Amino acid sequence: MTPDTEVTTMSTIMDVPRTTDAARALRSDLVERAATLRPLLAGNADRTDRERGVPAENIGALAEAGLLSLMRPARYGGLQTDYRTLLEVGREVGRACGSTAWVTSLLNANAWFVGLFPARAQDDVWARTPHARVAGVVTPSGTARVVEGGYRVSGRWAPASGCAHADWAVLGVTRPDAEGTSDAVGIVLAPMSELTIEDTWFTAGMRGTASNTLVGEDLFVPAHRFHSVPDAVEGRYATPFTDEALYRAPFVPAAALVLTGPQLGLATAAVDLLVERAPRRALTLTSYTSQAEAPTVQLAAAKAASLADSARLHAYRAAADLDEAARLGVLPDYDARARMRMDAGMAAVHAREAVRIVCSAQGASSFGESNPLQRVWRDIETGSRHAVLNPEVAAEIYGKSLFGIRGTVSVMV
């Protein structure tokens, strides 16, 4: 079975039972479009890492293929797909370049956030510029002060993945005047033209995401561009288009799960590299002229491939639960949401462990600068540690929920 056929055959596993044939066909087509771009993205991966930014060539190709419009409403010419599709596209792009996959996933995810806002706010972003892209930071790192007609917003927001390619930003804020109410924490929309990008993203991995800091000082944000985060966590969205299933997905599971797609791709890329290279390399200081003949490497390949599959199954199960809840228009209960967050955390852990095993099997050469495996390792070691994926926090939330203890760790469930 070739890698490309494997992508197709896996697309039916852990899917929502009522997913239409048309939706599956579109998903398969989008994944194939991503696969077609892999040579270009992989060819630019070293440059992406070295120059600390996704090249315009990558962004243009992704946009041309429709892969930056997965979460944009169809009302504005978007594809309005589902989270399983976003995961599969993120995984396929991640097989070529982790940073490009991360930016692809986050630009799409932030478009989904916009889809939760009132119609007027959505029009602000897309009515005149339907291809506008959105970056953002949901963490409430700014402050919104009430003024006539809206708010004055100031703050510093990081890390803002993909901000170099965005036209608008979703920004997390607190409202001191609303303390004790559901409006105390929110997200606002602001055009990138009113923000400054400060070059602060100097990291070991995911360098190409250019997840720099957005700075805003006394920005005016109209009232219709504010959305309560507590309301969103409880499934109360401001969009009037309640028949659009995608924008009924549960807020926190959606925000966490989107980060797993690129990591599924990185784990797959590592296994692909091992399978490709091992037959052509001897096992140093042994009699094996081919690593593929050595039981130690065979076992490592099996473990790494199985962990990559486990990561995918956890992520796809969460996506199935999330997409089904969206289809039905119901908010999953706390325990179900806790399990979705656990699934996202475990997907990241298993993907990271798969890469570690491959690196160990390939030895010190894994970390040579000319070896793409070292970039895969750096990217997944960095990306898998995003706060919303923290597996220990996810495990505590989930473990407590199994004993009926709820809401004591984080509101982000």
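Procedures and definitions
Residues numbered from 1 in each chain as written. Predicted model: local features only at pLDDT ≥ 70, side-chain atom pairs only at ≥ 80, totals over all residues. Heavy atoms only, no water. Core = buried A, V, L, I, M, F, W, Y, C linked by side-chain atoms within 4.5 Å. Buried < 20%, exposed > 50% of the residue type's maximum accessible area, 1.4 Å probe, protein only. Helix = DSSP H or I, 4+ residues; strand = E, 2+ residues; numbered from the N terminus. Contact = heavy atoms within 4.5 Å. Phe/Tyr/Trp six-rings, centres within 6.5 Å; stacked < 30°, edge-to-face > 60°.

J.: Hey, could you run me through the nonpolar core in this one?
T.: Generally speaking, soluble globular proteins have nonpolar side chains that are buried together. Ranked by size, the top nonpolar core spans 96 residues in total, and within it Tyr83, Trp112 and Phe251 carry the most contacts. The greatest single-element share of this core, amounting to twelve residues, is contributed by helix H11 (residues 295-328). Once residues lying within four places of it in the same chain are set aside, the contact partners of Tyr83 are Met71, Trp112, Leu246, Ala249, Ala254, Val258, Ala319, Leu322 and Asp323. Counting 20 residues, the second-largest nonpolar core is a separate cluster that includes Ala135, Val153, Ala166 and Val173.

J.: Looking at this structure, how should I read the environment of Ala127?
T.: Looking at the secondary structure, you find Ala127 in the loop between helix H7 (119-126) and strand E1 (134-147). Linking Ala127 and Arg75, residues 52 residues apart in sequence, is a C-alpha distance of 9.2 Å. Not counting residues within four places of it along the chain, the set of residues in contact with Ala127 comprises Tyr76 and Gln122.

J.: For this particular structure, what's the right way to read the packing of aromatic side chains?
T.: Any aromatic ring pair is given by two values, namely how distant the centres are and how the planes are angled relative to each other. This structure, assessed with the given rule, holds eight aromatic pairs. Geometrically, the ring pair formed by Tyr76 and Trp126 is tilted, given 5.4 Å between the ring centres and 40° between the ring planes. Of this pair, Tyr76 sits in the loop between helix H4 (56-64) and helix H5 (83-94) while Trp126 sits in helix H7, and the two are 50 residues apart along the sequence. This pair shows no difference in class: Tyr76 is buried, exactly as Trp126 is. Ring geometry for Tyr83 versus Trp112: centroids 5.8 Å apart, planes at 85°, classification edge-to-face. Of the two residues, Tyr83 sits in helix H5 while Trp112 sits in helix H6 (residues 98-114), which places them 29 residues apart along the sequence.

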